[in-house]
Amino acid sequence: APAPPPARHLFSDPAEVEALRRNLLAWYDRCKRDLPWRALAATEPDADRRGYAVWVSEIMLQQTQVATVIDYYNRWMQKWPTLQALAQASLEEVNELWAGLGYYSRGKRLQEAARKVVSELAGQMPRTAEDLQELLPGVGRYTAGAIASISYGQATGVVDGNVIRVLCRLRCIGADSSSPAVIDRLWDMANVLVDSSRPGDFNQALMELGATVCVPKAPLCGECPVKQHCQAWRRKLFGKPPSVPDVEDCGVGDCPLCPPATEPWDSSLGVTNFPRKAAKKPPRAMRTATCVLERRGCHGAPEYLIVQRPRSGLLAGLWEFPSLPLAQNLQEEKEREELADHLQAWMGRPVAAKSLKFVTEVIHIFSHIHQTYVVYSMHLDGDVTLDPALSPSRWVTEDEFHASAVSTAMKKV
Ligand code: SF4
């Protein structure tokens, strides 16, 4: 068995753990933000409804700011207040409501999981973190822990980005915080710390602390309710005695949780020495030609052609202007020709490359892709018959475009 980590990286003193819980929960009771899913989880007597509400909020909050999520959450719960209602929705409706929130597969998986609960689990949500993770598609360890602790009172910890930051600072963990060894330790720690009488509040308090006080760049340590338990804070206050063996880094040089010897504590960074991450891979660069095809609709208003993306992959099932991924470093003339060929397939008639008018380039950053849309436009006269054998397509007015399941990138275009 691997050797246990040095004591300085653990919470091994029960009295300290108790004090930390007390201080953190008292702060949370005083300072927590009013959020609609919290209000519902605190007042809803039906456990399945509580579980559903927390589940929706947690899926929306993955990779998305709280301020953005609130409006989406409220609209979602108004439209589908129960699992059963969501199970009856179509993917198109889900995508329309999700439009602009990003990471579209989240909405799709939420709906698939709701259908599964209704059809295979008699409409009842699993009640433990283990069952939630095992039985619900799209529910990982974090989301399962959040639902089980907040909705069903299971004393189980959670580890998300905010918790990682807080715990790494509390215990001076400076090894790569995305490595499996560190992540395992943090889960152990979260499970030791969680308060068994108020597990949901404790987990939310720890996340809230990371979101509002122990923030990435300029943490408000002076206002922090757990600063007396924070080793990073202590180290910042007292500094490191010069020319003394590095006892702060466990003194052994090969501690799996300390900063690597090549990147020791930097006193100019203070507590933000923690956490540390391995350098991210730069996003992949992609170029896509896209064409805004316009015609005059039957009431004289302009209409635009949108087509549906494949059912799997990036932006699955969303609608977009006809688009074509391009090889890097193509000449503009060649890009135009390729786009014209692509459009010809849609319209079943020749499209002259020179009739495509270059408009601009639009950049959109997906999490792992740096996408450049090369935008062209073309005005069509007369009737156009689209090839029904290709993906679904339709003509929409500008208002209809904005109400459709289109991505933020296409709205920019
Ligand atoms: Fe974070 Fe500072 Fe509080 Fe430590 S004292 S937990 S670094 S806010």
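Reading the values: the criteria
Throughout this document, residue positions are counted from 1 along each chain, in the order its sequence is written. Local features in this predicted model are restricted to residues whose pLDDT is 70 or higher, and side-chain atom pairs enter the listing and the counts only when it is 80 or higher, whereas totals over whole chains, interfaces and linings include all residues. The basis for the side-chain values is all heavy atoms of the structure; hydrogens and waters are excluded. Numbering of helices and strands runs from the N terminus; a helix is a DSSP stretch of H or I covering at least four residues, while a strand is a stretch of E covering at least two. For every residue, the accessible area (1.4 Å probe, protein chains only) is compared with the maximum for its type, and the residue is labelled buried under 20%, exposed over 50%, or partly exposed between those bounds. Only strands that DSSP links by at least two bridges are regarded as paired with each other. A helix's residues, less one, multiplied by 1.5 Å, set its expected span. Any two residues having at least one pair of non-hydrogen atoms within 4.5 Å are treated as being in contact. For each domain, the first and last residues come from an automatic or database assignment. Buried area is calculated as the accessible area (1.4 Å probe) missing from two parts once they are joined, with the contributions of both summed. By definition here, a salt bridge exists when the distance from a side-chain nitrogen of Lys or Arg to a carboxyl oxygen of Asp or Glu is within 4 Å. In protein, a polar contact means a hydrogen-donor-capable atom and an acceptor-capable atom, both N or O and within 3.5 Å, with residues adjacent in sequence counting only if both atoms are side-chain atoms; elsewhere, any N or O pair within 3.5 Å suffices. Residues were grouped as follows: Ala, Val, Leu, Ile, Met, Phe, Trp, Tyr, Cys and Pro as nonpolar; Asp, Glu, Lys and Arg as charged; and all remaining residues, including Gly, as polar.

That bond from F274 to P275 is cis: its omega, -10°, falls within 30 degrees of zero. Residues other than glycine seldom take positive phi values, yet C172 does so here, at roughly 50°. With respect to the helices and strands, the residue C172 is situated in the loop between α10 (161–170) and α11 (180–193). Positive phi, close to 55°, is recorded for L315, a residue that is not glycine.

Across the 7 residues of strand β2 (residues 302–308), 6 count as buried, placing the element largely inside the fold. With 3 bridges joining them, strand β1 (residues 284–296) and β2 adopt antiparallel strand pairing. Opposite E294, over in β2, you have Y304 as the bridge partner. What sits between β1 and β2 in their antiparallel hairpin is a turn of 5 residues, with G300 showing a positive phi close to 90°. Two elements, β2 and strand β7 (residues 393–396), share 4 bridges in a ladder whose sense is antiparallel.

A word on helix α4 (residues 66–79). Helix length check: α4, at 14 residues, gives a terminal C-alpha distance of 20 Å against a target of 20 Å (1.5 Å per residue), a fit within 8%. Every buried residue of α4 is accounted for by V69, Y72, Y73, W76 and M77. Among the structural elements, α2 (36–43), α3 (47–61), α5 (83–87), α6 (91–98) and α7 (105–120) are those in contact with the buried residues of α4.

To continue, consider the domain arrangement of the protein chain. When the parts of a complex come together, some accessible area is lost, and that lost area is often used as the size of the interface. For the protein chain, the assigned domains read domain 1 (7–273) and domain 2 (284–412). Facing the 9 residues of domain 1 at the interface are 15 residues of domain 2. Between domain 1 and domain 2 the total buried area reaches about 850 Å² when both faces are included, carbon and sulfur atoms providing 48% of it. Looking only at domain 1, the three residues that lose the most surface to domain 2 are E92, N95 and Y104, adding up to 48% of its buried area. Across the contact surface, domain 1 and domain 2 share 1 salt bridge. Close ionic contact of E92 with R394 constitutes a salt bridge, the shortest N to O distance being 4.0 Å. Our enumeration of links across domain 1 and domain 2 arrives at 2 residue pairs in polar contact (both at pLDDT 80 or more). Tallying contributions element by element places α6 first for the side of domain 1 that touches domain 2, with 4 residues. Across the side of domain 1 that touches domain 2, the residue classes break down as 4 nonpolar, 2 polar and 3 charged.

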